[in-house]
Amino acid sequence: MKSSPWWKEATIYQIYPRSYFDSNGDGEGDLPGITSKLEYVKSLGVDAIWLSPFYTSPNKDGGYDVANPRDVDPRFGNLADAKQMIDVAHELDLRVLVDIVPNHFSDQHVWFQEALKAGRGSLERARFHFYDANTDGTPPNNWISLFGGPSWTQVEDGQFYLHLFDSSQPDLNWDNPDVDEDFEKTLRFWLDLGADGFRIDVAHGLVKEDVLKDHPDPQGLSDALRLDMPMDPERRYALLPTVPYFDRQGVHEIYRKWRAIFNSYGSRDVMAVAEAWVHPPVNATRYVRPDELHQVFNFDLLDASFNAEQLYRLMSGALDLMKSVEALPTWALSNHDSPRVASRIGEIESRALALFVLALPGSCYVFAGQELGLPDGVIPDESRQDPIYFRTKGAQKGRDGARVPLPWNGETAPFGFTSGSPWLPLQDSWKELTVEKQESDPKSVLNLYRNALNLRAEHLVNNGEVEWIESPTHGSKSESLLAFKRGNVSVYMNLANSPVEVQVSGKLLVVSAGTVDGRDGKVTIPPVSTLWLHH
Ligand code: GLC
Ligand code: CA
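Each residue is numbered by its place in its chain's sequence as written, counting from 1. By the order in which they are written, chains take letters starting at A while ligands take numbers starting at 1. Given that this is a predicted model, residues contribute local features only at a pLDDT of at least 70 and side-chain atom pairs are listed and counted only at 80 or more, while totals for whole chains, interfaces and linings are drawn from all residues. Based on all heavy atoms of the structure, the side-chain values leave hydrogens and waters out of the count.

(A) View of the site of ligand 1. Any residue with a heavy atom positioned within 4 Å of a molecule or strand is treated as near that molecule or strand. Near ligand 1 there are 14 residues, and of these Asp61, Asp201, Glu275, His336 and Asp337 occur at the shortest range. One of the side-chain N or O atoms of His104 is found 2.9 Å from an oxygen atom in ligand 1. Contacts described as polar in this section are N or O atom pairs within 3.5 Å, which, within protein, must combine one atom able to donate a hydrogen with one able to accept it, while residues neighboring in sequence count only if both atoms come from side chains. In this structure, an oxygen atom belonging to ligand 1 sits 2.8 Å away from a side-chain N or O atom of His336. Computed by Shrake-Rupley with a 1.4 Å probe, the accessible areas treat only the displayed protein chains as cover when residues are assessed. Calculation on ligand 1 without its partners gives an accessible area of 310 Å², and the protein chains cover 96% of this total.

What follows is the structure, given as structure tokens:
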């Protein structure tokens, strides 16, 4: 029945390998651990998994500092384990996306080590952005790292190298043909091993302009790029298009080449999704032109409030934007870089929002643990690992809270995640959140996701566009009600703390919380709840 490609309306489950399941008791999740849980993954009803990096890495930035992109870090296993994981996933009819990190390498990558030795003016240094200091000894420009502090670090002979992130993550120079060639090798390497595609890290950052020019307002720019930093929207929107290292036209040439590589795998239906934070939003559509990538992340919901007006604006905006290029949006409520949705907007709210989003057209990305309603971990400062915490000298706590290991079973932490001591602490208070507990509770978040994903596949995927029924611009009967119809399903979300009665009839498919009362062509939607009705 499904004629469009698998990824068009897929649900893609993001696994943070270090936190999924530890198979050997060293306290860190690993590839054999993931493989052993793929039946569970399959039971959720997702179509694919995306794994954050598991490549050789000194792990200064959670593996996004890659020292060898074509090998597995021993903490996660080895290449045979990767192959085994991919094969088992395929047997279960799950696709596998791996992360590719083309903006930078680790300073432990052999290229960077060679560049340090080879010295100024060498071919080895030309693969990165090495420049001499200004005459007054300052770095080549005044850019600020996205992790805080200067984006230049000086090496022994006095030259500086550029790093948009941590000093252990030197940016690659994409004007250098070696870089291009090496990434083609890496793409083919994973595709040949069986991967079905890629999540492209910092996809908008590869090409830099004016590397030797100061930005007129580097601090403003750095603040504008931080979503958690309050800023006058006008100022933010004026600053964002001036970023000299993001969303430059040159990146699209790279993705055209990559698309040709993907297409050369023919019926394998290889796909790639770009992590591209761009402004204005219309620029995102360029990444999904027919000869470029398949999807681009839409991060709007990661920091949206639980507010009907705002959610309507963001959702309808994303749908309209992507429609203008005959594409579908992607949706994400959590990932490894942002606070978990259950902590950010509340447990019951996150259920309602998830059920609403899972009915929308497009692909849904679900961050492992989200299906358990997992909150952020409480991380003692001495356990923190995120370079953001260190580079800002503790001013920003960083992203470790979202990266806590999953609770699987048992009554006490670490809840079966490891037989050893977990790399980040799990909370004792999670004992009702384990997979084991939730499997046996029909009203658990886990079973809500399972039901919703099954029903989504049955009734919604490839089943037409959204027609809004209740929204701030459709004469909604309540400021706290959003509803749309898609195919034969109507989806209602009541954001208020009191029930709402609407005039509609149909068979109840699923509800995120509470008890639904329906008779005489009327349905009462419980407080803070979403329901799907079938007509
Ligand atoms: C992306 C990743 C993030 C990482 C950064 C640098 O934003 O999602 O985790 O720190 O790139 O590679
Ligand atoms: Ca392990």
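Next comes the rest of the write-up.
(B) Up close: the coordination of the calcium ion (ligand 2). At the metal site, the calcium ion (ligand 2) is ligated by Asp22 (OD), Asn24 (OD1), Asp26 (OD), Glu28 (O) and Asp30 (OD), and these contacts range over 2.3 to 2.4 Å. Look at where the donors of the calcium ion (ligand 2) fall in the sequence and you get D-x1-N-x1-D-x1-E-x1-D. Summarising the burial analysis for this pair, Asp22 and Asp30 share the class buried. Counted as donors are N, O and S atoms no farther than 2.8 Å from the metal, or 3.2 Å for Na, K and Ca; water is not among the atoms, and sites may therefore look incomplete. Throughout this description, buried means an accessible area under 20% of the type-specific maximum (1.4 Å probe, protein chains only), exposed means over 50%, and partly exposed covers the range between.

(C) Just empty space enclosed by the protein, in detail. Residues are called lining when one of their atoms sits within 4 Å of a cavity or pocket point, these points coming from a 1 Å grid over the protein atoms alone, where a cavity is a set in which a 1.4 Å probe fits but cannot get out and a pocket is an open set with protein on both sides within 12 Å along at least five of seven lines. Grid points are joined across faces, edges and corners, and a volume is the space filled by probe spheres set on the points. Inspection of the entire model under this criterion finds seven cavities of 30 Å³ or more. Of the pockets and cavities examined, the largest cavity occupies roughly 70 Å³. What lines the largest cavity is a set of 13 residues, among which Gln14, Trp50, Phe297, Ala332 and Asn335 lie closest to the centre. Class assignment for the residues of the lining of the largest cavity results in seven nonpolar, four polar and two charged. The space that makes up the second largest cavity amounts to roughly 60 Å³. Looking at the second largest cavity, the residues that line it are Tyr55, Val66, Pro69, Asp99, Ile100, Val101, Phe105, Phe183, Thr186 and Trp190. For the purposes of this entry, the term helix denotes a DSSP run of H or I that reaches at least four residues, the term strand denotes a run of E that reaches at least two, and both are numbered from the N terminus. Per-element accounting of the lining of the second largest cavity gives the leading share, three residues, to helix H5 (residues 177-193). In this classification, the charged set is Asp, Glu, Lys and Arg, the nonpolar set is Ala, Val, Leu, Ile, Met, Phe, Trp, Tyr, Cys and Pro, and all remaining amino acids, among them Gly, are polar. Looking at side-chain class alone, the lining of the second largest cavity contains eight nonpolar, one polar and one charged residues.

(D) Spatial organisation of the sheet that holds strand S6 (residues 130-131). A strand pair is defined by DSSP finding two or more bridges across the two strands. If you trace the three strands from one edge of the open sheet to the other, you get S6-S8-S7, paired in antiparallel fashion. The sheet is open, and its two borders are formed by S6 and strand S7 (152-154), each paired with just one other strand. Where S7 meets strand S8 (residues 160-162), three bridges bridge the pair, whose relative direction is antiparallel. Residue Gln154 lies in a different strand from S8, and its bridge partner there is Phe160.

(E) Quick peek at the environment of Ser343. Among the secondary structure elements, Ser343 is positioned in helix H10 (residues 341-345). Judged by relative accessible area, which is 36%, Ser343 ranks as partly exposed. Here Asp376 takes part through its backbone nitrogen, which lies 2.8 Å from a polar atom of the side chain of Ser343.

(F) Summary view of the nonpolar core. Residues belong to one nonpolar core when they are buried, are Ala, Val, Leu, Ile, Met, Phe, Trp, Tyr or Cys, and are joined through side-chain atoms within 4.5 Å. Counting residues in hydrophobic clusters, the biggest one holds 148 residues, and the most contacted among them are Tyr13 and Trp532. Residues Trp143, Phe147, Ala224 and Tyr245 belong to the second largest nonpolar core, which totals 18 residues.

(G) Here's a closer look at the sheet that holds strand S17 (residues 500-503). Strand order in this open sheet of three strands is S17-S20-S19, and the pairing throughout is antiparallel. Strands at the two margins of the open sheet, each flanked by one partner only, are S17 and strand S19 (517-519). Strand after strand, the sheet turns through a mean of 15° between neighbouring axes, direction not considered. Across three bridges, the pairing between S19 and strand S20 (residues 522-525) is antiparallel. The residue of S20 that forms the bridge with Gly518 is Val523. A fitted line through C-alpha atoms represents every axis, and for helices the fit uses only the stretch in contact; the resulting angles, taken between N-to-C directions, go from 0 to 180 degrees.

(H) Representation of the layout of surface pockets. Size it by volume and the second largest pocket reaches roughly 350 Å³. Taken together, 16 residues line the second largest pocket, and the ones lying closest to its centre are Leu319, Lys323, Leu328, Glu465 and Val466. Here the lining of the second largest pocket takes four residues from helix H9 (residues 308-323), the largest share from any one element.

(I) Up close: the pairing of S20. Burial of the side chains of S20 is restricted to one face: Val523 and Ile525 are buried, whereas none of Lys522 and Thr524 on the reverse face is. Looking at chain direction, S17 and S20 are connected through four bridges and run antiparallel. In the sheet register, Gln503 faces S20, and the bridge partner there is Lys522. Where S19 folds back onto S20 in an antiparallel hairpin, the turn is made up of two residues, including Asp520, whose phi is positive at roughly 50°.

(J) Examining the packing of H5 against helix H8 (residues 250-263) more closely. Put simply, H5 and H8 touch, their axes get as near as 11 Å, and they point 30° apart. As judged from the angle between their axes, H5 and H8 are roughly parallel. Here H5 runs over H8; the crossing is right-handed. Of H8, the residues touching H5 (which contributes Asp180, Phe183, Glu184, Leu187, Arg188 and Leu191) are Lys257, Trp258, Ile261 and Phe262. The residue makeup of the contact of H5 with H8, split by class, is six nonpolar, no polar and four charged. Our angle categories are set so that under 35 degrees counts as roughly parallel, over 145 as roughly antiparallel, 65 to 115 as roughly perpendicular, and the remainder as oblique. Should the near helix be turned counterclockwise from the far one by less than a right angle, the crossing is left-handed, whereas a clockwise turn marks it as right-handed. The contact criterion used throughout is that any non-hydrogen atoms of two residues lie within 4.5 Å.

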